[in-house]
Amino acid sequence: MKQIVKWPFWGYAIFWSWNVIFFLFFTLGFTPVVLVSLAQAVREGWVQPSILLFGSLIVLIPIASVILGLTLLLKQPNRLLALFYGVEGPLLLVLCVRFFVVGEATPPVTVIMVVAFVGLAALLWRLLDRRNDERGMLVTALRAIGLTGLLLAGVYAAVWLAFYSLPVAALLLDSLASAVRSVPDMIRYGRIQDLAFVPFAVFGFVLLMYSGTLLIIAPVVTPAIYAVHWLGEVRALWSRLSRPLAVALPATVAVACAAAFVVANQQPQQRAFALLAAPPQSRAEAEALLGQQEAIRAGLLNAYLAPYRYMSAAGETFYVRDMYRRRLGFSEAQAEAIARWYEVVAQPLIYQPTQAYSPSPTQTWQSQAFVNDSRRAAELYEQFFDRPINQAERATVVQAVRSTWIADRATQAWQAVDEREVRILRQELTLTEHGDWADVELYEVYQNLMPRREEVVYYFSLPESAILTGVWLGNNPDRSQRFAFRVAPRGAAQEVYRGEITIQQDPALLEQIGPRQYRLRVFPIEPKRTIWDPTTRRSQVQEGAQMHLWLTWRVMASDAGWAMPRLAEKRNAFWDESTVRLVNGAPMQVEADAWLPAFIPARSQAERRAHRVTFDDGTVVVARPADDAPAKLPDGFRAAVVLDRSRSMAAHAPAVQAALAQLRAALGDADLYLTAGPNYGEAPSVSRLAALDTAALFYFGSQNPAELLTQFDRLRAGRQYDAVIVLTDGTAYAKQTHAAQTPKFDAPVWMVHLDGDLTLGYDDATLEAIQSSGGGVAEGVDEALRRIALQAQADPATRVDVVDGYTWIVAPASALPANGEVTHAPDDPFAALAARQLILSEMRRQRGRLSDLGVLDALHRIATERAIVTPYSSMIVLVNAAQAQRLDELSQRDDRFAREQENIGETQPLVNAVPEPHEWLLIGLAALMLAGYALHRRKRLAMR
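Read on for a plain summary of the structure. This is a predicted model, so every value here is computed, not measured.

**Structural notes on the overall build of the chain**
Thought 1: In terms of helices and strands, the chain carries 26 helices and 30 strands.
Thought 2: Looking at the chain as a whole, 54% of its 944 residues qualify as buried.
Thought 3: Considering only contacts within the chain whose residues lie at least 6 apart along the sequence, 79% involve residues at least 24 apart.
Thought 4: Accessible area for the chain stands at about 39900 Å²; split by element, carbon and sulfur atoms hold 58% of it.

Below, the structure written as C-alpha cells:
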C-alpha cells in the first residue's frame, strides 16, 4: 500500500471527513425525509421490501465502517483508505445504483452484484485479518477466488465511471456556482416549517461536492487497490500450490465470471420479435412456435417491462452525448461516438431495441424504444397467447412496477396496473321484494386517489331475464339533487358520452353489450389536488370530491335468492377493508375480493307464480315456473357444431372434450366446423363430430365471435341447419373490431361459453346476428340444448324460451288463452320484465328489417316507455341543458342507433417507472437528494 498512500494523513483525512459528512447527511436528512416515508410505503404494500432493505444498507454501511475505523483499523491509515475506496465506496455505489437507478434487476445486474458482493467480502476479510500470511491453502484459495472476481468487477466499474469523470468535474463547478446564486432566495423565502430540510440541503450539498471530487479519482484508485490485494493473495497462493494450479485458479474464475456475464447479458426480446415476425404457414410451424412459447413469453415481457428494468435504450443515451457536447464542448460526432462506446460498456442497464427509432421531435425526453417496443410487445403477446399481458402476467408486472424507491411512483404504477385509482368508500344494496320478483338498488360512493380525473368502468352480467331500470349520479347523497337518466338510442347516447368526456363534463352511460352483458361508465371522478395556501404558505393535499352513483335493476327469484350482477371486468375502481358495505342496512356478507355477493337470500321463501302481461298491440307475454323435465330434440333435427380453436381454448380442453361428448350423444354424427385464425397455419375445415379425435386438437392464434361465425358461414356452402352451436370461451371481446361484418342466420345461433367463461360482450353486429336468429348465450351444452329443443317444439309464430327458472312465452293473445296466471297491466312494474321478452321476439320476427329505422324506433319506443336498457337503447345521465340539447339533436339523426365498438383499453405501461438518468444521477446519492430538494423548492416558489 505504500505505493498508493505516501502519507498516513491522507488515509485518515479522506476516510473520516467523508464518513462524518455522510453520517450527518443520512442521519439528519435522508432518514427522516426519505427512509421514513419509504418504510410507510412498504408497510402499506406499495413498495417492495427489498427496496427498503437497500435503502437501510446505504445508511448502515458507513456506520459499520466508522465502527471498524474506531476499533480494528484505528491506527492503520493505509487499510482505512483501502476500506473506504475498496469496500465502503464501491459497496455504496453498487447499492445506490440498485436503489436509485435500477428498477427491477436484470440478470446481468444480478451477476455483477453477486460477484461484487463476494469480492468485497473477500477484501474486507483480508483487511481485517491480522494473520493473512499464516492462513492455510483453503482460505487463501477462497480469498483469491473472491478477489479475482472483485478485480474484474472493479476494472469494469472503473471503465464505466471513467465516462463521468470529466462531466462530473464540470458539473461540480456549475453546482457550486448555482448554490451560491440560490442562497439569497433560500434566505428570502425560507420558513420555520422548512428547517427540517436545512440539514438535508446543507449536508447534501457538501456531500455532493466532496463525493464528486472523490468519484473523479475513483476509476484509478479503486482498481489499483484491488490489484495490490489480488497480487498479494495470488503470491500467497503461488507459495502454497504449484505454479500451474496457482495460475489456473484465477484464470478459471475470470473465465467463469466472463461467461456468466455474457450469458446473463443476452436480452430475449430480439428473438421473441423475430419468431413472431411472420405468421406460421403450416400447422408444423405453429406447433414449433408453441414449443418456443417460454422464449417468446420472456422476450415479450422484457420488452413490455423495459421502462422498469433498464436505465435507457441503445441509441437513446442522449444524456451522455449531451454531457460531452454541451458541458465539455465536444463536437456532435465526438459526443455521439462516446455515447455509442458508453452503450457498449453499460450494456446491463441498456435496453436493446428490436428496431431503430428516430427521436420524437416533440418529446425528446421520452424513449421511443420504450414506448414503441412496449406497446408492440403487448400486441404480440395478446395475438400469440390470446390474453392481455397485464392479466396473464399480473404478478410479474406488479413486481416490476413496485421495484422503485419513489413511493408515489410505485403507488401510481401499481394503481395503473391493478386498477386501484378510485376507492369505493361506501356500497349499499337495498332490496324491495314483490313475491317472486324484486327491485334492487346499488348505491356506491367513489373518491379518486390520483392527481388526474378518472373514469370508473364496470363490465358485468345479470340473469338473462333481469332488466336494468335506472342509473343516477350525484355530487352528494341527497337523492333530490341527483341527476336523472334518459333512455336514448344507443349510438346517440354513446356519442354524447364520448363528447362530454372530451370536455371533462359529468356523464354516466349504461349499455347492453351482450344477451346478458352490460357496461357502466362514470366520468369524471374528480382528482385530489395539491393547492397552495397563501396564509400558511404551504402546499396542501385536497381530497378529490366524492361521486355518488345509484343503479337499479329488476330480477326474478331463484332457489338461491336474488341474483346480483356478476362482475367480469372493472377499470380504476377498487374496494378494501375500509369500504362500508351494507345490505338493507346490515353488514354485507361478501368475499373480500368480490364486487357483490352472488346472491342475496330472500327475506321469505318466494313462491314462484305464473305471470301474464297483455300489451296494447294484443301481444301476450307469459312467464311460468319451468319444470325440470329435459326437452327432446325433434326427429331429424340438424345442428352444426362450431369449435373455436383459439389459443385460449387450451385452458378449456377438458371442457371441450366433455361438451363434444354431450353433443355426440344428443345430435349423433353432426357436422363439425373447425375454425382457424389467420396465424393458425392451416385453413379452417369441416369434419364429422363422430370422427373427431379430441386428443389431436390443436389450439393456436386468436379469433373473435364475428370471425367464428363468418368462417362457419363460408364453409357451410349453403347447407341448412336447424341450430348452430358455437363452443368458445370468454376472451374474445377485446379482439373485436367495428369493421367485422357478421352474417345473419335463419337458424338460432347459440354461443356456448365453456366453464361458464362468459365474454365481456359482443360487437353490435354479432349481438344482433345472435339475438335476431332466436339464439343466445349459454354457459354449458345442457343449457343450450334445452333451450334449442324447447324452441324447436314450439309454433313458429310463438317465441318460447326457458331461462332463470321460468318459461317465457310470447304469442298473440288468441294463441295463448289465460290459464290462471297473475295478470299485470301494461304499466305495472312487472311489465318491464315482459317488455324485454317482447323486444327479443320482435328482433327475431323482424330480423330481415333490423336496418330499418322504423323498426328500430319501434323497439326503442318499448324501451323508453318501460325505462329499461336493451341492445338498441342505452341510459345516459345528463347534468346540464347543453347535454340534453345535444342528445335531442343526435337522437334525430339517421345514425342514432349506430354504435362504435369500444374495447376495454390498450394494454401498455401507464407510467415511466425508471426516470431518464440525467447527470445528477451519476455522481451518487447526495446529488439525487439535493436535486429533488431543489426541484421541490423551485415548484413552491413558482406557486407564489
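**As for the pattern of salt bridges**
Thought 1: Scanning the entire structure with this criterion turns up 53 salt bridges.
Thought 2: Its salt-bridge partner being R143, residue D129 comes within 3.1 Å of it at the nearest N-O pair. Taken together, the residues span a long stretch of sequence, with D129 in the loop between α4 (107-128) and α5 (137-189) and R143 in helix α5 at a distance of 14 residues.
Thought 3: For D129, a relative accessible area of 6% gives the class buried.
Thought 4: Among the charged side chains, a network of salt bridges with common partners joins E464, R516, R566, E779, E783, R787, R799 and D801.

**Comments concerning unusual backbone geometry**
Thought 1: Look at the link from F523 to P524: it is a cis peptide, with omega at -10°.
Thought 2: Summarising the element assignment, P524 is placed in strand β9 (residues 517-525).
Thought 3: The residue N572 is not glycine, and still its phi comes out positive at about 80°.
Thought 4: Position of N572 among the secondary structure elements: in the loop between β14 (566-571) and β15 (573-574).
Thought 5: With a phi close to 50°, A717 is a non-glycine residue in the positive phi region.

**Quick look at the nonpolar core**
Thought 1: Formed by 78 residues in total, the largest nonpolar core has its most connected members in L429, F460 and W553.
Thought 2: In contact with L429, not counting residues within four places along its chain, are V440, E441, L442, W553, M564, L582, V583, N584, M588, L596, P597 and I600.
Thought 3: Listed in part, the 51 residues of the second largest apolar core include I58, I61, Y164 and V168.

**Re the sheet that holds strand β22 (residues 671-674)**
Thought 1: The 6 strands are arranged β23-β22-β21-β24-β25-β26 in an open sheet whose pairing can be described as mixed. The open sheet has two edge strands with one neighbour each: β23 (685-688) and β26 (776-778). Between one strand axis and the next, the sheet turns through 25° on average, direction left out of account.
Thought 2: Here strand β25 (residues 749-753) pairs with β26 via 3 bridges, running parallel. Considered in β26, the bridge of V752 is made with A778.

**Brief notes about the pairing of strand β30 (residues 873-877)**
Thought 1: Counting buried positions along β30 gives 5 out of 5 residues, so the element sits mostly inside the fold.
Thought 2: Residues S873, M875 and V877 line one face of β30 and the alternating positions S874 and I876 line the opposite face, and both faces are buried.
Thought 3: Bridge count between strand β7 (residues 485-489) and β30: 5 bridges; the pairing is antiparallel. Its bridge partner lying in β30, R486 is registered against I876.

**Overview of the packing of α4 against helix α7 (residues 243-264)**
Thought 1: Put simply, α4 and α7 touch, their axes get as near as 8 Å, and they point 155° apart. Here α7 runs roughly antiparallel to α4, going by the angle between their axes. Seen along the crossing, α4 lies across α7 with a hand that is right-handed. Of the residues in α7, those in contact with P107, P108, V111, I112 and V115 of α4 are C257, A260, F261 and A264.

**Looking at the sheet that holds strand β28 (residues 806-812)**
Thought 1: The strand order across the open sheet formed by 5 strands is β27-β28-β20-β19-β29, and the pairing between neighbours is mixed. For this open sheet the edge positions go to β27 (799-803) and β29 (822-824), each flanked by a neighbour on one side alone. Neighbour-to-neighbour, the strand axes of the sheet open up by a mean angle of 20°, direction not taken into account.
Thought 2: Relative to strand β20 (residues 619-625), strand β19 (residues 611-614) runs antiparallel, the two sharing 4 bridges. If you follow R612 over to β20, its bridge partner there is V622.
Thought 3: The sheet strands contacting helix α22 (residues 781-793) are β27 and β28, and the helix crosses β27 at an angle near 155°.
Thought 4: Against the sheet, helix α23 (residues 830-845) contacts β19, β20, β27, β28 and β29, and its axis sits at roughly 65° relative to β28.

**A look at the environment of W16**
Thought 1: With respect to the secondary-structure elements, W16 resides in helix α1 (residues 8-43).
Thought 2: The sequence separation of W16 and F84 amounts to 68 residues, and the corresponding C-alpha distance is 9.5 Å.
Thought 3: Leaving out residues up to four positions away in the same chain, W16 has contacts with V66, G69, L70 and L80.

**Quick look at a nonpolar patch on the surface**
Thought 1: Taken together, the side chains of F23, L53, L57, L60, I63 and I67 define a hydrophobic patch exposed on the protein surface, amounting to about 510 Å² of accessible area.
Thought 2: Broken down by element, the residue count for the nonpolar patch peaks at 5 residues, all from helix α2 (residues 49-70).
Thought 3: Inspection of the secondary structure assignment puts I63 in helix α2.

**Side note on the packing of aromatic side chains**
Thought 1: A full pass over the atoms with the stated rule returns 27 aromatic pairs.
Thought 2: For the pair Y310 and Y351, a centre-to-centre distance of 5.6 Å together with 55° between the ring planes defines the contact as tilted. Of this pair, Y310 sits in the loop between α11 (306-309) and β1 (312-313) while Y351 is found in strand β2 (residues 350-351), placing the two residues 41 residues apart along the sequence. Side by side, Y310 and Y351 carry an identical accessibility label, which is buried.
Thought 3: An aromatic cluster is present here, built from Y381, F384, F385, Y680, F698 and F700 joined pairwise through their rings.
Thought 4: Positioned above the aromatic ring of W550 is the side chain of R482, whose terminal nitrogen or guanidinium carbon lies 5.1 Å from the ring centre.
Thought 5: Lying over the aromatic face of W575, K570 brings its terminal NZ or CZ to 5.7 Å of the ring centre.

**Side note on the environment of L692**
Thought 1: Along the chain, L692 falls in the loop between β23 and α20 (705-715).
Thought 2: Taking the C-alpha atoms as reference points, L692 and L672, 20 residues apart in sequence, are found 8.4 Å from one another.
Thought 3: Dropping the residues within four chain positions of it, L692 is found in contact with L660, L672, L674 and L697.

**Digging into the side chain of T317**
Thought 1: On the secondary structure map, T317 appears in the loop between β1 and α12 (318-327).
Thought 2: A polar contact is formed between the side chain of T317 and the side chain of R340, at a distance of 3.4 Å.

**Observations concerning α23**
Thought 1: Here α23 spans 23 Å end to end across 16 residues, near enough to the 22 Å set by a 1.5 Å rise per residue.
Thought 2: Counting buried positions along α23 yields 14 of 16 residues, so the element is predominantly enclosed.

**Thoughts on the environment of A484**
Thought 1: Tracing the backbone through its elements, the reader meets A484 in the loop between β6 (467-474) and β7.
Thought 2: The spatial distance from the C-alpha of A484 to the C-alpha of V471 is 7.0 Å, given a sequence separation of 13 residues.
Thought 3: In this structure, A484 is in contact with V471, W472, I876, V877 and L878, ignoring residues within four places of it in sequence.

Thresholds, definitions, all that
Residues numbered from 1 in each chain as written. Predicted model: local features only at pLDDT ≥ 70, side-chain atom pairs only at ≥ 80, totals over all residues. Heavy atoms only, no water. Helix = DSSP H or I, 4+ residues; strand = E, 2+ residues; numbered from the N terminus. Buried < 20%, exposed > 50% of the residue type's maximum accessible area, 1.4 Å probe, protein only. Contact = heavy atoms within 4.5 Å. Areas by Shrake-Rupley, 256 points an atom, 1.4 Å probe, with all protein chains shown as cover. Salt bridge = Lys/Arg side-chain N within 4 Å of Asp/Glu carboxyl O. Core = buried A, V, L, I, M, F, W, Y, C linked by side-chain atoms within 4.5 Å. Pairing = 2+ DSSP bridges. Axes fitted to C-alpha atoms, helices over the stretch in contact; angles between N-to-C directions. Parallel < 35°, antiparallel > 145°, perpendicular 65-115°, else oblique. Left-handed = near helix turned anticlockwise from the far one by under 90°. Patch = residues over 30% accessible without salt bridge, like charges linked within 9 Å, V, L, I, M, F, W, Y side chains within 5 Å. Phe/Tyr/Trp six-rings, centres within 6.5 Å; stacked < 30°, edge-to-face > 60°. Lys NZ or Arg CZ within 6 Å of the ring centre and 35° of its normal. Polar contact = N/O pair within 3.5 Å; in protein donor to acceptor, adjacent residues only side chain to side chain. Expected span 1.5 Å × (residues − 1).

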